[in-house]
Structures are given as structure tokens and as C-alpha cells.
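# Architecture and fold: a report
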Amino acid sequence: MEAIADRPVSPSRADQPPRLSLPVEGMSCASCVGRVERALAALPGARDVSVNLATGRASWAGARPAEAVRAIREAGYEVPETVTAVTVEGMSCASCSGRVERALLALPGAVAASVNFATGRAELRHADGAVSLDAVEAAIREAGYEPVTPERAADTSRADRQARDEAALRRDLAVAASLAAPVVVLDMGGHVFPGFHHALAGWLGAGTVPWIEALLATLVIAGPGRRFFRVGVPNLLRGHPDMNALVALGAGAAYLYSLVSVAAPQWLPAGAAHLYFEASVLIVTLILLGRTLEARARGRAGAAIARLIDLSPPTARRLDGEAEREVPVERLRVGDRVRVRPGERVPVDGTVAAGESYVDESMISGEPVPVRKGEGAAVVGGTLNTTGGFDLIVTRTGSDTVLARIVRMVEEAQGGKLPVQALVDRITLWFVPAVMGIAALTFLGWLALGPAPALGHAIVAAIAVLIIACPCAMGLATPVSIMVGTGRAAERGVLFRQGAALQALQEARVIALDKTGTLTEGRPRLVDFLPAPGFSRDEALALAGAVEARSEHPIARAVTEAARAETGALPEVSAFEAMPGHGVTARVGGRAAALGSRRQMERLGVDVAPLAAEAERLAGEGKSPVYLALDGRLGALLAVADPIKPEAREAVAALRARGLTVAMLTGDADATAQVVARSLGIEEVRAELLPEGKVEALGSLRAAHGPVAFVGDGINDAPALAQADVGIAIGTGTDVAVESADVVLMSGALTGLVEAVALSRATMANIRQNLFWAFAYNAALIPVAAGALAVVGGPQLSPVLAAGAMALSSVFVVGNALRLRRAGGTR
């Protein structure tokens, strides 16, 4: 989307810079207009500034859009931003992605650009309405690559395009190998079978063999090798050489030198007419082999998304009255009734309307144990129905379903970049031109100082440098690991909403957790019921549950649920009265009943001495004691608590074993918080915090220990999730919390937190291994290719070996990244 330019109003202004226009939010009066106008007019080169309050837009000429956006924000107003994403075809190395990024950043209104070589995804962040999709696509084409239009993107998935590219590479590889094999046999056969060349010359004629090699090599270069020349030569002419240019120069130089040696040897110095046809065809063949293996491995790296998409069945059984019709899932609408049979996958998100079953939700939670689903329970599209059948009412369809959101999050994370990638991008920006310079110096050095015939040695060394130094491995080192790591995490129920969260979580030194709903289940339950002498448990519990059924307090709901579960129907209640801070009273079953605190009992004159010691014990365990009085006598002692999640102790221990400081931030009373913290082994506790207090606590933890990750689930946790270095939301929590987080634990279990930490560390370690290999490989082998060993009496590296080594480097990096598919685990 290109900055909106007004048409020239007269021929005399046609050569002047166009007027640019941006939306401005927050203006409410004429003084706002004046403030924005003054901010823009103060920019160097700015002229003809105009700000329209009615349309909410500012226009000007001369100043750069990025400077204008900064000036508007400094004036106290906002320029809304959006992201335009495009798939790019034709990129072959890290320098390609860097070139596309620079082309996108040159667009007026561009703020930031990110191009992922592994996924082929380009994202441009820009002022809303300032850059058009047509301008983005034009910039990509101008850089020498092809954007995938929205129509094509809708027709073919990324997996389909990868499969198509891999098939084309396999085809070209087969053709190149079949044509290259005879060339290698004709050229190298004499080294294996003495007398082979003499016999061949006698059979075909002495001058025929070189021409056969030339013909076959021409077919390889013009056929399968054309892909390198078609992209590399135009980029070379534009002054932006890439990996294709290196291959085109290397293979082309070997081919042309050999062709001159055959057709016009008199043009070369005496003794310098050598054939390198086998080098030219093997360079093409081996690099195609490397790209084919790389494409196959990259397809496996991105298989997580394909597996997620395949979870959604193509059809569903919709109930139209009493009739059951099989329809495409795309035709389902919210409110439709759908029947799910045993063994089938749930087609869309919905609520169980009839029936009961156990559903395997491992695709969203990572937990293999099926979950019981009865009437009213929510089910997620893509999950597997196991034993029973049920009908569901559709609640979400299409892109609104949980599965679609998961796929979207994983795609965005895989398409993103880590901060460490910035260093790689800066290096690869200059790497290819630097390699070409080294190759030129190598050629001149051998030509001036090498043994006769120096020209042949110079060409061989220069070609070896060009081929061996391809930056493919550098470009793949980070994004392929991100693809595999985030895909593996999604399979384990952990969603990294952005790739950068992988690095940020690995750098965290503190894990701060909210208590309610994160460390605890978030739903109080009746955990103790002690009847007083002379009262039966069932009778007292039924009466307590009946009274509390009239109250909306969470403790009351816990008592009522327990009473209904144990005793069934509850008796009728009358004269109900709630006294905030004390308790409730009512008449139930002809008896006067009261529930509440010790203060309530004392106010009513009820003696609580028989159970007072038990009440103190329960309070010391972090439970909330409640007394029941019947007809003026103590009837029972109840204790309600929010149970700690069963896996919380193990998760906290695992985090501490990994060297992390674990802290608890909660709005609960300090006494309750301390009890929970002690039982879990948490030493850092901040209690009785408001939402802004949690943000302040994160700041103090960061100052004391280092980067902080915060885990929460509620609306009140959203500010802390946004403020933390890494925000981790419990997927069973509120949408606000999930949208504020960088990482989402889909199952709600804290084992997912340990998985997230383990995967982030494994992924970053994998990236470091890849980067070390990529940089060490080039640092070690470029001098060898240039002839460093030959100088001290060793062998000179053949261009064929250089091509094989270059292909091996990329395959090694991708293969190493694929090891992450087995990463994870809480141990």
C-alpha cells in the first residue's frame, strides 16, 4: 500500500515530489489540527502541510513518511498501523530475503518489514491506508521475485506450494543427473579404467568426445540450470547478487571456459585449454540435490500446520428437523444442530445439546486422557469423539474456531523473526558481494602468482570460492528452527503467538505466577464438613446447601454444589437474608438456619467452642471456615478452598530445577497466599495486589533477578501479561488475557509451562548450533577454496567438491532443526 499521492495539477508540478497523506487519530478540535500542522511543518523539506479534522487526515509534500509518523506521535496523536502480508516465491538464500525487506522498507509509509526465507512470508508494517497491496507486490517484483496474489494464496496452501516446488526440483534434478552422468564418465573414466580415453577416441574419433561433453553440458545449463541464471543474472545486473548469481557465475564460468577450449583453443594461452564441463554440470546437479533435500526437510519442518489443518473434517452431519444431512463444513452456521458419532472428529466448535461422550482433546491441550462431555459442555472442532455420540449446537465457524485461531497463531509465529536474526541479516546483506570480491582477488592472485598454466588454476579457485560460500545455511539457521520449534510446541498444547517469544522466554530468569486460576483451579470447593455432635452429615449439608443456594457468593456456590452432589434435591427456603461481611440467615424445612463467620455466630449468640480449634487449623491450611447454626445451636463447621492444581507442585519444582526463580503475585490475602506458596515451594510472594500492583511487582522482580515471564488467566492479569518480558496466558482463561499474552498454554495445566520453557531453550540452543555451523563452515572453507592448502603443497579444492560441501551445509542445518520434533517434556 503506497503512500497516497495526489495527481499533479499542472505539467509544471509533474516533476515535484508527490503529496502524501496519512490518517491521524485523536484530533478533537481546531487546536489539535494546528498542533499537528506545526509538527509536520517543522520537518526538514516539508511544505504544503494540510490537516483536515473532518476526514482525520494529514497531507504534505517533501518530508519522509516515517519522519512524519514520528512527528505526529510526538505531538500527542496516533497514526494507526496495519500489517500487509504476502507470500514471496523465488527466494533462495538469506540475501534474497534481505533484498525484499529493503525493497519493502523503501515504500512511502513503511514502518518495518520482515521477510522469512524459510516460510516465504513477507510482512510490512505501515501506516493504515498509506501503502497499497499493489505497491507491495510491485516492490517485490522490482526486487526480482514473485509475490503470490491473494487469489493464488486462497487456491493453494503453503504446503501445496512447497509440494509443487519440491516436485519441480525433483524433476530438474533427475534431468540434470541423467545428462551429467555421461559427462562425468566421458571426462573421468580414464582415471578409473586405464586406456578408456584411448579406446573412446579410437571408436568415436579424437575430436568428438569434447563436443559430446559440450552438447550435454549445454543441455544441463540451458535446462535444469536455467533456474539459477533466470534469477541470478538479472539480480547481478541490478547490483544485488544473490546465491543464484554465485551459482550462475561459477557454473557459467566453468562452462564458457570449457566451451572456448573446445571451439577456439587458440584464444587461450598455450597449455591452458582444459575442459571443466564435468564441474559445470556437477555444480548444477549437486546444488539441485541440496535444494531438493532442503525442500523436503523444510516441508517436514512445516508439517505441524498441515497436521493441524487436517484435523478438521471436510463434512458434518447437520440435523434439519428429524432429517440428517451430510454437508460441507463451510456451510454450517452458528445455531445449526450437528450430530457427532463415535470415532468421528468434531467438525466445528459447539455446545453439547444431547448425549454424552468422552472427547480426546490432545490436539489443543497436549493431554492424551479423554475428557467427559455432557449436556452443556463446550467442544472444540478438530477434537476426536471416542466412545459415545452426541448432538451439538454450533457456536463458532470458519476462521472464528479455536482450531483456526491455533493455525493462525502458529503461522504467524513461524513467519516471524527472532532478535538474533538481525545480526544474521546484517552479515548476509554484505556477504554475497564480499564473496564475489574474494573470488575476484583469488582469480587475480592465482593469475599473477600461480604455476603455469595459471589461467586454469585461477578459474578453478575462483569458481570454488563462489560455490562454497553460498549463504543458504545462514539464512536457514534461525527460521527453520523456529518453524520446527513452534510446530512442536503447538502439538504439545503450547502456542507461541510470535517467534520472538521463543528467545524472550529462554532469556527469562523469573517465572511469576498468578494464584487463582493459575496455581489453583480457580473454582472454590467444599473440602471439609464437620458436623457438630447431635447432627447428621447429610441433614446438616442439605440444609446448608439450601440456604447458600440463594446466595451468589463463590463460597456459597461451592457449598450448594457439594450438597446437591451428595444429597440430591434441596429443601425449600424462606425468609432469606444476607448480611455482607457476616453471613446469611433463612428458614429451611421449618428450622432457623444461619451460615457465616465467627463474628456472625457471636452476633447470634451461638457457641462455637466445640469446633473452634478445628476452625483455626483449617484457616492455617489456607481454607475458609464457615459455621452452620441450626435453631440457635452450632450444627457444623464447613471449610471451602480453591484447590491447588494437582500438577502445580511438580511444575514449580521443575522450573526451579532449571535455575529459574519462581514468584507468586496475587490479589488474595497474605495469609492465604503464604499457605499456598509454602505448599508449592515458592519463596517470592507478593499478595493483596491490585492489577497495577502486579505491574509494579514485575518491575521489582526484574530489577532484582533479570527478565520476567508472567503467567495469568484473568482480565485483571492483562496489564501484567502485557508488561512482562514474556506474557504467558492460561488458555482456559479469559480472551482478554489470551490476547495480551505472547504464549498461550491451551490446556490450562502448568505442565505446559514447563514444556514452553524446555522448548524455548531447546530451540534457541538449536539455533546457536546452526549459526555456529553456518559461520564456522564459511570461515573455514572459503580460504580452502581460495587455495590456502595448495599454497603449502596441499590439494586445490575442486568446484565439484565445493558444490557438494555447499549443499551439505544447508541440509545439515535443516536436519539439525528437525531434531526439535522430538524436543519437549517436563522432565
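Numbering of residues begins from 1 in every chain and follows the order in which that chain's sequence is written. The predicted nature of this model means local features are confined to residues of pLDDT at least 70 and side-chain atom pairs, given and counted, to a pLDDT of 80 or more, with totals for whole chains, interfaces and linings taken over all residues. Hydrogens and waters are ignored; side-chain quantities use all the structure's heavy atoms.

The name an unreviewed UniProt entry assigns to the protein is Cu+-exporting ATPase, from the organism Methylorubrum salsuginis. UniProt positions are given in the numbering used here, feature names are shortened, and annotations may be inferred rather than shown by experiment. Quoted straight from UniProt, the Sequence similarities (unreviewed entry) entry for the protein says "Belongs to the cation transport ATPase (P-type) (TC 3.A.3) family. Type IB subfamily." Word for word, the UniProt comment on the protein under Subcellular location (unreviewed entry) is "Cell membrane".

## Points about the UniProt feature "transmembrane region" (unreviewed entry) in the protein
Here, the residues flagged by UniProt with the feature "transmembrane region" (unreviewed entry) are residues 173-194, 200-222, 243-264, 270-290, 427-449, 455-478, 771-794 and 800-818. A run of DSSP states H or I qualifies as a helix once it reaches four residues; a run of E qualifies as a strand once it reaches two. Both are numbered from the N-terminal end. Across residues 243-264 one finds 95% helix and 0% strand; the C-alpha atoms that close the span lie 30 Å apart. A distance of 29 Å separates the end C-alpha atoms of residues 771-794, which is 83% helix and 0% strand.

## Focus on the pattern of salt bridges
For salt bridges, the criterion is a side-chain nitrogen of Lys or Arg within 4 Å of an Asp or Glu carboxyl oxygen. For the structure on display, the rule yields 31 salt bridges. A salt bridge links Arg47 to Asp48; the nearest nitrogen and oxygen atoms lie 2.9 Å apart. Arg47 sits in the partly exposed class, given a relative accessible area of 28%. For Asp320, the salt bridge is made with Arg318, and the minimal N-O distance between the two is 3.3 Å. Looking at Arg318, the relative accessible area reads 15%, which means it is buried. Each of Arg317, Glu324, Arg337, Arg339, Arg341, Glu344 and Asp391 takes part in salt bridges that share partners, so that together they form one network. Relative accessibility under 20% of the residue-type maximum defines a buried residue, over 50% an exposed one, and the middle range a partly exposed one, all with a 1.4 Å probe and only protein chains included.

## Here's the deal with the packing of aromatic side chains
Only Phe, Tyr and Trp rings are paired, with Trp represented by its six-membered ring, and only when their centres lie within 6.5 Å; those with planes under 30 degrees apart are stacked, over 60 edge-to-face, the remainder tilted. A complete count under the given rule lists 2 aromatic pairs for this structure. With centroids separated by 4.4 Å and ring planes inclined at 35°, the aromatic side chains of Trp773 and Phe812 adopt a geometry described as tilted. Here Trp773, found in helix α30 (residues 751-786), pairs with Phe812, found in helix α32 (residues 799-818); they are 39 residues apart in sequence, far enough to count as distant.

## Some points on unusual backbone geometry
A positive phi angle is found at Ala575, which is not glycine, with a value near 55°. Structurally, Ala575 can be placed in strand β20 (residues 573-579). Overall, the relative accessible area of 59% leaves Ala575 in the exposed class. Phi is positive for Asp631, which is not a glycine, with a value near 55°. Along the chain, the position of Asp631 falls in the loop between β23 (624-630) and β24 (633-641).

## Overview of the environment of Asp360
Tracing the backbone shows Asp360 in strand β12 (residues 357-360). By relative accessible area, Asp360 is classed as buried at 18%. For the pair Asp360 and Arg372, spaced 12 residues apart in sequence, the C-alpha to C-alpha distance is 9.1 Å.

## Digging into helix α25 (residues 648-657)
Buried residues of α25: Ala648, Ala651, Val652, Ala654 and Leu655, and no others. One side of α25 holds all its buried residues, which, seen down the axis, span an arc of 160°. Here, residues are in contact when the closest pair of their heavy atoms is within 4.5 Å. The elements touched by buried residues of α25 are β18 (510-514), α20 (515-519), β25 (661-665), α26 (670-680) and α30. Where α25 ends, the next residue or the one after it, Gly659, has phi of about 85°, a positive value. The directions considered for the arc run from the helix axis to the C-beta atoms.

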